[in-house]
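Chain by chain, the residues:
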Amino acid sequence: MNKKTLMAILLFLIIVTAFIWSNSPEDYGSSLPPMLSPEIPVIDGEIITSKEAKFEVTRGYIIKIKTKKSFNQTVEFYKSQFEKTGTTISFHDVISEEKVASAEAAQGSTIIYLEIIDKKDYTLVIMAIHL
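**A closer look at the overall build of the protein chain**
Here is step 1: Scanning the protein chain from terminus to terminus reveals two helices and six strands.
Here is step 2: From first element to last, N terminus to C terminus, the protein chain shows the α and β order α-β-β-α-β-β-β-β.
Here is step 3: Out of the 131 residues belonging to the protein chain, those deemed buried represent 33%.
Here is step 4: Within the protein chain, contacts between residues separated by at least 24 positions form 43% of all contacts whose residues are at least 6 apart in sequence.

Below is the structure:
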């Protein structure tokens, strides 16, 4: 293999690696994504997961939060906070026996899907934010 061919292969590998790296989702650990709109309400609690996500058509974020608030307090928090921003939130499948609720809200072109789950000792909130 001559030097030009070797350099071409190396350059190709660098370009492919840079492309893959630039398209890989960012993991924010226990911090909120820095570009998250302040209009999107996030309940107080421990952030378990916070990362970029690739959805079918768009990119966005997946955030999982463990809060000490009760299931009902958590549902009410999201209802009231979205109302304050003028955003309609639609709760589906509020199952009081199992204490699971799912909802969706639209803020302009941003769609927020929520799942709220009672875990007895805490409430788990899973947010899928489609930008």
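Alright, that's what it looks like, and here's the rest.
**Observations regarding helix α2 (residues 71-84)**
Two residues of an α-helix separated by three or four positions point the same way, owing to the 3.6 residues in each turn.
Here is step 1: End to end, α2 covers 20 Å across 14 residues, agreeing with the expected 20 Å (1.5 Å per residue, within 8%).
Here is step 2: Turning to α2, its buried residues are F71, T74, V75, F77, Y78 and F82. Around the axis of α2, the buried residues are gathered within 155° of arc, so they sit on the same side. Turned more than 90 degrees off the buried face of α2, the exposed positions are N72, E83 and K84.

**Concerning the packing of aromatic side chains**
Here is step 1: Tallying each qualifying case throughout the model produces three aromatic pairs.
Here is step 2: Centre to centre, the rings of F77 and Y78 are 4.9 Å apart; their planes meet at 85°, and the pair counts as edge-to-face.
Here is step 3: Its relative accessible area of 18% is what places F77 among the buried residues.
Here is step 4: A connected cluster of aromatic rings, assembled from ring pairs, spans F77, Y78 and F82.
Here is step 5: Its guanidinium or amino end placed over the ring of Y122, K66 lies 4.6 Å from that ring's centre, counting from NZ or CZ.
Here is step 6: Positioned above the aromatic ring of F91, the side-chain terminus of K79 is 5.6 Å from the ring centre.

**What about the pairing of strand β6 (residues 123-130)?**
Here is step 1: Of all eight residues in β6, seven are buried; the element is thus mostly enclosed.
Here is step 2: Here eight bridges tie strand β2 (residues 59-67) to β6, and the two strands are oriented antiparallel to one another. Residue pairing across strands places K64 opposite I126, the latter belonging to β6.
Here is step 3: Between the end of strand β5 (residues 110-118) and the start of β6, which pair antiparallel, lie four residues, with K120 showing a positive phi angle near 70°.

What counts as what
- Residues numbered from 1 in each chain as written.
- Predicted model: local features only at pLDDT ≥ 70, side-chain atom pairs only at ≥ 80, totals over all residues.
- Heavy atoms only, no water.
- Helix = DSSP H or I, 4+ residues; strand = E, 2+ residues; numbered from the N terminus.
- Buried < 20%, exposed > 50% of the residue type's maximum accessible area, 1.4 Å probe, protein only.
- Contact = heavy atoms within 4.5 Å.
- Expected span 1.5 Å × (residues − 1).
- Arc of directions from axis to C-beta.
- Phe/Tyr/Trp six-rings, centres within 6.5 Å; stacked < 30°, edge-to-face > 60°.
- Lys NZ or Arg CZ within 6 Å of the ring centre and 35° of its normal.
- Pairing = 2+ DSSP bridges.

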